[in-house]
Every structure is written in C-alpha cells, then in structure tokens.
Amino acid sequence: VGLAAYFLDPVFQGGVAAVFPFVIMILILLIRPTGLFGWKTIEALRRVTALPFDAHLMIAEPGRWIDRFLDAVWMERGLSPNTLAAYRADLTALDRWLEGHEAELTSANRGDLLAFMASRVQAGAQPRSTARQLSSFRRFYRYLLREGALREDPTAQIAMPKVGRSLPRSLTEEEVEALLAAPAVSDPLGHRDRTMLEVLYATGLRVSELVNLKLSSVNLNQGVLRIVGKGDRERLIPLGEEAVQWV
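Residues numbered from 1 in each chain as written. Predicted model: local features only at pLDDT ≥ 70, side-chain atom pairs only at ≥ 80, totals over all residues. Heavy atoms only, no water.

**With respect to the overall build of the chain**
In plain terms, the rule: The way it works is that DSSP assigns letters per residue, a run of H or I at least four long becomes a helix, a run of E at least two long becomes a strand, and they are numbered from the N terminus. Here's how the labels work: a residue is buried when its accessible area is under 20% of the maximum for its type, exposed when over 50%, partly exposed in between, all with a 1.4 Å probe on protein chains only. For this analysis, residues touch if any pair of their heavy atoms sits within 4.5 Å. The Shrake-Rupley method, run with a 1.4 Å probe sphere, supplies the accessible areas, and residue values consider only the shown protein chains as cover.
When you go through the chain residue by residue, the secondary structure sums to 12 helices and 3 strands. For the chain, the residues scored as buried account for 29% of the 247 residues in total. Across the chain, the fraction of contacts at a sequence separation of at least 24, relative to all contacts at a separation of at least 6, is 45%. If you sum the accessible surface of the chain, you get close to 16900 Å²; carbon and sulfur atoms cover 59% of it.

In structure tokens:
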C-alpha cells in the first residue's frame with residue numbers, strides 16, 4: 001500500500017506530467033534485455049521450449065515444412081527430381097492420412113507412424129515400398145530435429161522392414177538380338193532407337209542418363225562417355241566398338 005501511495009501521490013499532486021518519469025522508468029525495466037519483454041528473455045523462452053519463432057506454422061502449414069525440407073536436401077545432397085518427387089509423395093500421403101486421424105505431420109509420434117505403415121501393409125503395400133517411405137520420414141523428421149522444430153525424432157525407435165533381395169531376370173542371347181533388331185533402321189527414328197539400344201546394351205546406363213546424354217559427352221575417338229550421375233558424380237564409361245559405329 002505504501003509503495004502504491006508513493007507512485008500515485010505525484011498523480012494527485014502534480015497530474016500526468018509529474019508521473020511521466022515513473023512511466024518511462026517502468027518501460028525501460030520491461031524492455032531491457034533481461035526484462036519481461038527483452039530479447040534475452042524471449043530467446044531464453046525459445047531455448048527452453050525448443051521451438052522456432054515461426055513454430056505456429058508447424059501446425060497451420062505442414063506443407064511449408066515439406067517445401068523447406070525438399071529445398072534443403074536438394075541443396076545439400078543434389079538429389080534428382082525423381083527422388084525429390086518421391087519424398088514429396090511419401091510425406092503428402094502421410095500428411096493426408098494423419099489429417100483423417102486427428103493428427104498433424106509436424107507433431108506426429110511413433111504410434112502415428114506405425115499406424116500409418118500398418119494401414120499401408122493392410123492395403124497391400126510391399127516391404128520395399130514401406131521401407132522407402134520410412135526412409136523418407138526419417139530424413140524429414142531428422143531435418144525438423146536439426147532445425148529445432150522437434151524435441152525428439154518419432155522414427156528413431158522404428159525398425160526398418162526387412163526387404164528380401166530378388167535376383168533380376170536376365171535376357172537370353174536370342175532375346176537381346178531380337179530386341180536390338182526390332183527397330184526399322186531404314187527410318188531415321190528407327191535408326192535412333194537402334195542406336196539408343198546399342199548404347200544401353202554396351203554401357204548399362206540408366207534410362208534417364210541416356211535421354212539426357214549430350215553430344216559433347218561422347219568421345220568417339222577414345223570410345224568413352226562422360227556421365228554425370230546421382231549426386232553430381234562424374235564417371236567415364238567405355239562405349240564399345242559396335243555402339244560407336246551406330247552413334
């Protein structure tokens with residue numbers, strides 16, 4: 001009471017002008033670095049809660065975190081557009097499933113992810129597909145953890161599904177010859193197709209690498225191709241005499 005009387009007495013005696021210095025003093029105490037609204041206090045609260053200043057976007061806009069994640073892995077790892085599209089598809093599928101079960105992508109727990117994966121298995125998803133999705137989820141939630149948007153990784157205690165290895169079926173020599181002879185080489189497009197098949201057969205390139213192959217990457221004198229593959233890694237591949245002739 002005495003303290004209140006001390007501050008209020010100037011108001012009664014001298015009006016607002018008399019109490020103005022006291023108002024300034026209180027504002028300084030509040031906004032100083034360690035005051036109630038000071039930047040040090042706000043930073044300390046942020047560290048305690050382990051949330052970024054725009055944490056409200058985690059609930060309101062999970063799609064924005066997906067975009068940030070894809071931008072980050074593209075810059076850090078140089079992933080191909082197909083890989084980025086697969087990440088987006090996996091995360092979008094999880095986000096939609098969680099919305100239908102009163103959960104959020106950026107606040108999902110281990111039980112939510114296990115329930116989603118179980119629903120996928122019941123729908124007929126193969127172990128390889130489930131393993132790929134879990135890999136996408138792990139990378140996404142580790143990104144959120146690194147950015148300070150999560151306190152723990154919900155995928156940390158989820159085991160990767162066991163994927164059996166199946167041997168690829170190889171073509172017989174007769175099947176390879178029939179495939180190479182299929183295009184009509186008298187036609188320009190047929191000649192192109194035969195050349196592409198010969199290059200594939202001789203080098204084992206990925207189809208995406210073949211269709212993006214530039215003439216400047218072909219050295220006919222030395223019979224090699226210069227290919228830039230995943231992760232911007234460059235390699236030289238022997239072309240073969242038969243493929244060189246068709247090129």
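Now that the structure has been shown, the text picks up again.
**Details of the layout of surface pockets**
Under the convention used in this document: As defined here, a cavity is a set of points on a 1 Å grid over the protein atoms alone where a 1.4 Å probe fits but cannot get out. A pocket is an open set with protein on both sides within 12 Å along at least five of seven lines, and residues line them when an atom is within 4 Å of a point. Grid points are joined across faces, edges and corners, and a volume is the space filled by probe spheres set on the points. When residues are grouped by polarity, Ala, Val, Leu, Ile, Met, Phe, Trp, Tyr, Cys and Pro land in nonpolar, Asp, Glu, Lys and Arg in charged, and all others, Gly among them, in polar.
Each pocket or cavity is described by its volume, and for the largest pocket that value is around 500 Å³. What lines the largest pocket is a set of 21 residues, among which Ser 208, Glu 209, Asn 212, Val 228 and Gly 229 lie closest to the centre. Of all the elements in the fold, those that place two or more residues in the lining of the largest pocket are α6 (81–99), α11 (207–211) and β2 (224–228). Of the residues contributing to the lining of the largest pocket, the split by class is 6 nonpolar, 9 polar and 6 charged. Contributing to the lining of the second largest pocket are 13 residues, with Leu 79, Ser 80, Thr 83, Tyr 87 and Lys 230 lying nearest its centre. Contributions of two or more residues to the lining of the second largest pocket are made by α6 and α8 (127–146). Looking at the lining of the second largest pocket residue by residue, the classes come out as 3 nonpolar, 5 polar and 5 charged.

**Regarding the side chain of Thr 195**
With respect to the secondary-structure elements, Thr 195 resides in helix α10 (residues 188–203). If sequence neighbours within four positions are ignored, Thr 195 has contacts with Trp 246 and Val 247.

**Some remarks on the packing of aromatic side chains**
This is how the line gets drawn: Side-chain rings of Phe, Tyr and Trp (the six-membered ring for Trp) are treated as a pair once their centres are within 6.5 Å; stacked means planes under 30 degrees apart, edge-to-face means over 60, and tilted covers the remaining angles. We call a charge positioned above a ring when the Lys NZ or Arg CZ atom is no farther than 6 Å from the ring centre and deviates by at most 35 degrees from the ring normal.
Applying the stated criterion across every chain yields a total of 7 aromatic pairs. Taking the centre distance of 5.8 Å and the plane angle of 55° together, the rings of Phe 69 and Tyr 143 count as tilted. Here Phe 69 is found in helix α5 (residues 62–77), whereas its partner Tyr 143 is found in helix α8, with 74 residues between them in sequence. Here Phe 69 matches Tyr 143 in class, with each residue buried. A network of ring pairs unites the aromatic residues Trp 65, Phe 69, Tyr 87, Phe 140, Tyr 141 and Tyr 143 as a single cluster. Note that Arg 68 overlies the ring of Trp 65, its terminal NZ or CZ placed 4.9 Å from the centroid.

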